[in-house]
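One-letter residues, chain by chain:
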Amino acid sequence: MKVLFTGCTFDENTLYQLKEKNIEVSTGRMDYSEEELTNILKDYDCSINGGDEICTVNVIENNQHLKLISFMGTGYQKYIDVETAKKYNIPVTYTPSANAKAVAEYTVALILDAVKKITYSNNEVKNKEWNKIKNYNLEGKTLGIVGMGAIGTHIAKILCDGFGMKLIYNSRESKPNIDSKYNTNMVSLNDVFKNADVISVNATYTEENINMIGKEQLNLVNENTILVNTARQELINKEDLYNSIINNKIGFVALDGFYKEPITKETNEKFLDLPNNKFLLTPHNAYNSFDAVKEMERMLIESLMDIIDGNDVRNLVK
């Protein structure tokens, strides 16, 4: 069985072991166009999406022979047309919760960087500006989480248990265990933005959630509010976010990943000109810990073996 794995992370030993089980994995580029992906998949039985390529309707309709499409991560919605795959009985899998702790820790790192001005201070000193910038403690401040799933729960554990923050959250449904543990309850999205000192966006990417955060919510924050998004950036309206930053209506914004990826030397993007003491951007890297990658690889291999062995496919997108 031939498998195309874009941005392949399997080491040589893993590739050898898979080959022994008649699974031949080829490494593909991470930036295939729709036309390129459509053509190259004609020579493969399975596809593992590990890059920025998108399995569109056209890609899938022209590759109905595929036995499996896997996504390395959780946010498959933007990268695989699941409904079209179902139409042609192609199973789609992903790696749920494999990177939850990695993303949570990264989110906390961005929050601490924003609060303590670490990256900004480093840049200042390297520019020979010895400026001591006041910052504040997190203890007693209010953490607002948008999307209380596995990642949000880990973030709450670190910041509330470890730093003594108070918690409010908005999610698809209330979380009784969270409510009782942190003496809190689910509130409206607007209430999160009105009352939180630090806001972490961790909601799932769906069509309904695109631009779920916009001018209405961003007008509720104050000039000291910190907003961190390690989910899909499309959850926040791009122009409304930019205007909030440039007009000093919000204290600091940190994003992991961007609206159009990747950013290259040719990218012309006004967000990149925002001041360092207001905006921080990292290259969609929150998931990318050694531990999380190994767990995702394990789950990807599970799905491949299920196809080979004719078993019910694990980690299936429902």
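Refer to the structure printed above.
Quick caveat, the model's predicted, so the values are computed rather than measured.

### Focus: the overall build of the protein
Scanning the protein from N- to C-terminus turns up 12 helices and 11 strands. Viewed in the frame of its principal axes, the protein has a C-alpha envelope of about 60 × 50 × 35 Å. Taking the intrachain contacts of the protein between residues at least 6 apart in sequence as the baseline, contacts between residues at least 24 apart amount to 64%. For the protein, the centre of its 35 positive side-chain charges and the centre of its 44 negative side-chain charges are spaced 5 Å apart.

### Focus: the sheet that holds strand β8 (residues 198–201)
The strand order across the open sheet built from 6 strands is β7-β6-β8-β9-β10-β11, with neighbouring strands paired in parallel fashion. Each end of this open sheet is capped by a strand with a single partner; those strands are β7 (166–170) and β11 (279–282). Each strand of the sheet is rotated relative to its neighbour by a mean of 15°, with strand direction disregarded.

### Considerations on the environment of S97
Here S97 shows up in the loop between β5 (92–93) and α5 (100–116). A sequence separation of 53 residues divides S97 from A150, and the C-alpha atoms of the two residues are 6.6 Å apart. In contact with S97, not counting residues within four places along its chain, are T74 and A150.

### Notes on helix α7 (residues 150–163)
With 14 residues, α7 extends 19 Å from end C-alpha to end C-alpha; this agrees with the ideal 20 Å at 1.5 Å per step. Inspection of α7 places I151, G152, I155, A156, L159 and C160 among the buried residues, and these make up the whole buried set. When α7 is viewed along its axis, its buried side chains cluster within an angular range of 135° and face the same direction. Once α7 finishes, G164 follows within two positions and takes phi at roughly 75°, a positive value.

### A look at the sheet that holds β5
Judged by pairing direction, the sheet is parallel, and its 5 strands sit side by side in the order β2-β1-β3-β4-β5 without closing on themselves. Only two strands of the sheet have a single partner each, and these edge strands are β2 (24–28) and β5.

### Quick look at the pattern of salt bridges
If you walk through the whole model with that rule in mind, you get 14 salt bridges. Of the charged contacts, one joins K181 and D161 as a salt bridge, the two residues approaching to 3.4 Å between their closest N and O atoms. With K181 in helix α8 (residues 176–182) and D161 in helix α7, this residue pair connects regions lying 20 residues apart in the sequence. Close ionic contact of E297 with K294 constitutes a salt bridge, the shortest N to O distance being 3.6 Å. With E297 and K294 both in helix α12 (residues 290–309) and 3 residues apart, this pair spans about one turn of that helix.

### Some remarks on the state of the cysteines
All told, the structure shown has 0 disulfides when counted by the stated rule. A disulfide-free cysteine, C46 has its sulfur positioned 12 Å from the sulfur of C55, the nearest such atom. In this structure C55 comes out as buried when scored by relative accessible area, which is 1%.

### With respect to the environment of M186
Tracing the chain through its elements places M186 in the loop between α8 and α9 (189–195). In sequence terms M186 and R172 are 14 residues apart; their C-alpha atoms lie 9.4 Å from each other. Apart from residues lying up to four places away in sequence, M186 is in contact with Y169, N170, S171, E173, S174 and D179.

### Observations concerning the packing of α5 against α7
At a minimum axis separation of 8 Å, α5 and α7 run at an interaxial angle of 50°. If you check the angle between α5 and α7, you find them oblique. Note that α5 runs across α7; the crossing there is right-handed. Residues A100, K101, V103, A104, E105, T107, V108, I111 and L112 of α5 form the contact with α7, whose participating residues are A150, I151, H154, I155, I158, L159 and F163.

What counts and how
Residues numbered from 1 in each chain as written. Predicted model: local features only at pLDDT ≥ 70, side-chain atom pairs only at ≥ 80, totals over all residues. Heavy atoms only, no water. Helix = DSSP H or I, 4+ residues; strand = E, 2+ residues; numbered from the N terminus. Contact = heavy atoms within 4.5 Å. Lys, Arg positive; Asp, Glu negative; His and termini not counted. Charge placed at Lys NZ, Arg CZ, Asp CG, Glu CD. Pairing = 2+ DSSP bridges. Axes fitted to C-alpha atoms, helices over the stretch in contact; angles between N-to-C directions. Expected span 1.5 Å × (residues − 1). Buried < 20%, exposed > 50% of the residue type's maximum accessible area, 1.4 Å probe, protein only. Arc of directions from axis to C-beta. Salt bridge = Lys/Arg side-chain N within 4 Å of Asp/Glu carboxyl O. Disulfide = S-S within 2.5 Å. Parallel < 35°, antiparallel > 145°, perpendicular 65-115°, else oblique. Left-handed = near helix turned anticlockwise from the far one by under 90°.

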